[in-house]
Amino acid sequence: MENVLILSASKWNFTDEKTGEMKKGVSLHFVSDYREDTATELGFKPVKSSADDAVFDAVLKGGVPGMYRIDTRSKPGKDGKPTLTVVGAQFARKVPLFETA
């Protein structure tokens, strides 16, 4: 499990032009505590990952941006390369990034 700041979650679907198969999924954008400052790079880089529908439901309920404890799993992706997928998310707290007046 890892603590992350989830910035967005979105469901998507489309029809594969070659096969006609309906594809659907969830994309998740988040920032973890990983950072490696160098002379030419500073700060945190957002990660985009696939997620299960249950993760979208958890984020919908808790809200974004927010701190979550996520559980990940690697699955085979294109050409058998591992793909990180978020399979669980537990809401911790909301994070107000931009205060409204």
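Residues numbered from 1 in each chain as written. Predicted model: local features only at pLDDT ≥ 70, side-chain atom pairs only at ≥ 80, totals over all residues. Heavy atoms only, no water.

Draft legend 1. Local environment of the overall build of the protein chain. Helices and strands together make up the secondary structure of the protein chain, namely one helix and five strands. Going from N to C terminus, the protein chain has its helices and strands arranged as β-β-β-α-β-β. By principal-axis analysis of the C-alpha atoms, the protein chain measures approximately 50 × 35 × 25 Å. When the 101 residues of the protein chain are sorted by exposure, 27% land in the buried category. When contacts within the protein chain are restricted to residue pairs at least 6 apart in sequence, those whose partners lie at least 24 apart make up 51%. Accessible surface for the protein chain amounts to roughly 7500 Å². Of this, 53% is attributable to carbon and sulfur atoms. The averaged location of the 14 negative side-chain charges in the protein chain is 3 Å from the averaged location of its 15 positive side-chain charges. (Helix = DSSP H or I, 4+ residues; strand = E, 2+ residues; numbered from the N terminus. Buried < 20%, exposed > 50% of the residue type's maximum accessible area, 1.4 Å probe, protein only. Contact = heavy atoms within 4.5 Å. Areas by Shrake-Rupley, 256 points an atom, 1.4 Å probe, with all protein chains shown as cover. Lys, Arg positive; Asp, Glu negative; His and termini not counted. Charge placed at Lys NZ, Arg CZ, Asp CG, Glu CD.)

Draft legend 2. Representation of the sheet that holds strand 3 (residues 47-51) within the structure. Ordered in space as 1-2-3-5-4, the five strands form a closed barrel in which the pairing is mixed. Neighbour-to-neighbour, the strand axes of the sheet open up by a mean angle of 45°, direction not taken into account. (Pairing = 2+ DSSP bridges. Axes fitted to C-alpha atoms, helices over the stretch in contact; angles between N-to-C directions.)

Draft legend 3. Expanded view of the side chain of Ser-49. The residue Ser-49 is located in strand 3 in this model. For Ser-49, a relative accessible area of 4% gives the class buried. Engagement of the side chain of Ser-49 in a polar contact is seen with the backbone oxygen of Leu-84, the distance being 2.9 Å. Those residues in contact with Ser-49, other than ones at most four positions away along the chain, are Val-26, Ser-27, Leu-28, Phe-30, Leu-84, Thr-85 and Val-86. (Polar contact = N/O pair within 3.5 Å; in protein donor to acceptor, adjacent residues only side chain to side chain.)

Draft legend 4. Up close: unusual backbone geometry. Along the chain, Val-64 connects to Pro-65 via a cis peptide bond; the corresponding omega equals -5°. In this fold, Pro-65 is placed in the loop between helix 1 (53-62) and strand 4 (66-76). Even without glycine at this site, Asp-79 takes up a positive phi of about 60°. Tracing the backbone shows Asp-79 in the loop between strand 4 and strand 5 (82-94). With a relative accessible area of 69%, Asp-79 lands in the exposed category.

Draft legend 5. Layout of the side chain of Ser-27. Topologically, Ser-27 is positioned in strand 2 (residues 22-32). With a relative accessible area of 12%, Ser-27 lands in the buried category. Ignoring anything within four residues of it in the chain, the contact list for Ser-27 reads Ser-8, Ala-9, Ser-10, Trp-12, Lys-48 and Ser-49.

Draft legend 6. Expanded view of the environment of Phe-56. Counting through the fold element by element, Phe-56 comes out in helix 1. Classification of Phe-56 as buried rests on a relative accessible area of 17%. Linking Phe-56 and Ser-8, residues 48 residues apart in sequence, is a C-alpha distance of 9.5 Å. The residues contacting Phe-56, other than those within four sequence positions of it, are Ala-9, Ser-10, Lys-11 and Val-26.

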